[in-house]
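Here is how the chains run, residue by residue.
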Amino acid sequence: MFKLKIIIGSTREGRNADAVCQWLLPLTQSHGDFDVEVLDLREWNLPFFQETIASVGDFSNPTYSDPLVKRWNEKIREADAYIIVTPEYNRSMPAVLKNAIDTVFFSFSFRRKPVAFVAYSLGPTAAARAVEHLTQIMVETEAIPVRASTLIPLVTTAFDADGQATNPITNVHLSVMLDDLAWLAKVFKNARSEVQSLPSALRIRAKR
Ligand SMILES: Cc1cc2nc3c(=O)[nH]c(=O)nc-3n(C[C@H](O)[C@H](O)[C@H](O)COP(=O)(O)O)c2cc1C
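Residue numbers here run from 1 along each chain, matching the order of that chain's written sequence. The predicted origin of the model limits local features to residues at a pLDDT of at least 70 and limits the giving and counting of side-chain atom pairs to 80 or more, whereas totals for whole chains, interfaces and linings rest on all residues.

Colleague: If you had to explain the overall build of the protein to someone new, which residues and values would you point to?
Modeller: When its secondary structure is counted, the protein shows seven helices and six strands. Comment: elements are numbered from the N terminus, with helices defined as DSSP H or I runs of at least four residues and strands as E runs of at least two. Each helix (α) and strand (β) of the protein, taken in turn from the N terminus, gives the series β-α-β-α-α-β-α-β-α-β-β-α-α. With C-alpha atoms as the basis for the radius of gyration, the globule rule is written as 2.2 Å multiplied by the number of residues raised to the power 0.38. Taken against the 2.2 N^0.38 rule, which gives 17 Å for 208 residues, the C-alpha radius of gyration of the protein at 17 Å falls within 12% of a compact globule. Counting only C-alpha atoms and orienting by the principal axes, one finds that the protein spans roughly 55 × 35 × 25 Å. What counts as a contact here is a pair of residues whose C-beta atoms, placed from the backbone, lie within 7 Å. By sequence separation, contacts in the protein at least 24 residues apart represent 78% of the contacts at least 6 residues apart.

In structure tokens, the structure reads:
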């Protein structure tokens, strides 16, 4: 079993994220390869990012500027894989989600772990542009973005009264995404058990 954290990237009242997660969670749990934990950013009321190297404190046991920031870094570190659930806000992700990613500062806790995206919007573009932005951002964290995303257009009609996907293709995309996420989680978990180099940013800094 791989430790999978599902990060819910919208926090506003009445969010469509709830309908998406009601469908996503049972299918992810029944996949069989994952020990799933939901990290709802509503419950992780992270401060607006303000860390510096000084506020990290002792690098071997960082304190950060806030105990919640420390706990968030530790929680992200526990994982073998991630699913980020995101809507599209102004052709990108919600600011609260970007802030949660930026908050994983200096611990490199996303490093060498796969991340997949479940994305939705009211319109026909299904938050594809948010996924493109997230893919770039997660590369910088040294996470491994999965090619197969699950894109959900027209989200208000995407699920029926029982929470089932109204378009069967949505389930096909999710199942392929989960298979690839599990495969990458296995490969990278094995690789992380070997001696690892320092993050590339630190190696470059050391050679300057
Ligand atoms: C601030 C804001 C910006 C948005 N920008 C876009 C957009 O650029 N493209 C799009 O397809 N939908 C856009 N939408 C519609 C959202 O994708 C849709 O409302 C979605 O349900 C939001 O997710 P949530 O309800 O879980 O917060 C936007 C919504 C908000 C609130």
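Having seen the structure, we can now continue with the description.
Colleague: Quick rundown of helix α6 (residues 168-192)? Include the residues and the values.
Modeller: The length a helix should cover is 1.5 Å for every residue beyond the first. Counted at 1.5 Å a residue, the expected span for α6 with its 25 residues is 36 Å, and the 36 Å between its end C-alpha atoms agrees. Residues with at least 20 neighbouring C-beta atoms inside 10 Å of their own are called buried, those with 12 or fewer are called exposed, and the rest are partly exposed, where every C-beta is derived from the backbone. Listed as buried for α6 are T170, L174, M177, L178, L181, A182, L184 and A185.

Colleague: Just give me the short version of the nonpolar core, but keep the residues and values in it.
Modeller: Nonpolar cores are identified as sets of buried Ala, Val, Leu, Ile, Met, Phe, Trp, Tyr and Cys residues joined via C-beta atoms within 7 Å. Core analysis: the biggest nonpolar cluster contains 53 residues, and V20, V85, A119 and L181 have the highest contact counts within it. Counting residues per element, the ones that place at least two in this core are β1 (2-8), α1 (17-31), α3 (67-78), β3 (81-87), α4 (95-102), β4 (114-120), α5 (128-140) and α6. Of all the elements, α6 adds the most residues to this core, at seven residues. The contacts of A119, once residues within four sequence positions are left out, are T86, E88, A126, A127, A130, V131, S149, L151 and I152.

Colleague: Give a detailed account of the pairing of β4, specifying residues and quantitative values.
Modeller: Counted residue by residue, β4 has seven buried out of seven residues, so it is predominantly covered. Neither face of β4 is exposed, since P114, A116, V118 and Y120 on one face and V115, F117 and A119 on the opposite face are all buried. Think of it this way: DSSP has to see at least two bridges between two strands before they count as a pair. Where β3 meets β4, six bridges bridge the pair, whose relative direction is parallel. In the strand pairing of β4, V85 is matched with V118. We call a crossover right-handed when, viewed with the strands running away from us, the connection from the first strand over the helix to the second turns clockwise. Following the chain from β3 across α4 to the adjacent parallel β4, one finds a crossover that is right-handed. Relative to strand β5 (residues 144-145), β4 is paired through two bridges, and the arrangement is parallel. Of the residues in β5, the one forming a bridge with P114 is I144. Strand direction decides the pairing type here: β4 and strand β6 (residues 150-152), joined by three bridges, are parallel. Bridging from a neighbouring strand, A119 pairs with L151 of β6.

Colleague: I'd love a proper account of unusual backbone geometry, names of residues and values included.
Modeller: Of note in the backbone geometry, Y64 takes a positive phi value of approximately 60° without being a glycine. Tracing the backbone shows Y64 in the loop between α2 (53-56) and α3. C-beta crowding within 10 Å serves as the criterion here: with 21 such atoms nearby, Y64 is assigned to the buried category. Although it is not a glycine, A126 sits at a positive phi angle of roughly 55°. Among the secondary structure elements, A126 is positioned in the loop between β4 and α5.

Colleague: Before we move on, could you go through the pairing of strand β2 (residues 34-40) and cite the residues and values that matter?
Modeller: As paired elements, β1 and β2 share seven bridges and run parallel to each other. If you follow I7 over to β2, its bridge partner there is L39.

Colleague: So what's going on with the environment of T125? Which residues, and what values?
Modeller: Residue placement: T125 occurs in the loop between β4 and α5. Sequence spacing of T125 and G32 is 93 residues, and the spatial spacing of their C-alpha atoms is 31 Å. In contact with T125, not counting residues within four places along its chain, are E88 and P153.

Colleague: Can you break down the environment of K207 residue by residue, with the values?
Modeller: As for its placement among the helices and strands, K207 is situated in helix α7 (residues 200-207). In sequence terms K207 and T135 are 72 residues apart; their C-alpha atoms lie 28 Å from each other.

Colleague: Can you lay out the site of the ligand for me, pointing to particular residues and giving the numbers?
Modeller: Being near a molecule or strand means, for a residue, that its backbone-placed C-beta atom lies within 6 Å of it. Taken together, 15 residues lie around the ligand, and S10, R15, N16, P87 and S121 are the ones closest in. In this classification, Asp, Glu, Lys and Arg are treated as charged, Ala, Val, Leu, Ile, Met, Phe, Trp, Tyr, Cys and Pro as nonpolar, and every other residue, Gly included, as polar. Considering only residue class, the shell around the ligand consists of five nonpolar, six polar and four charged.

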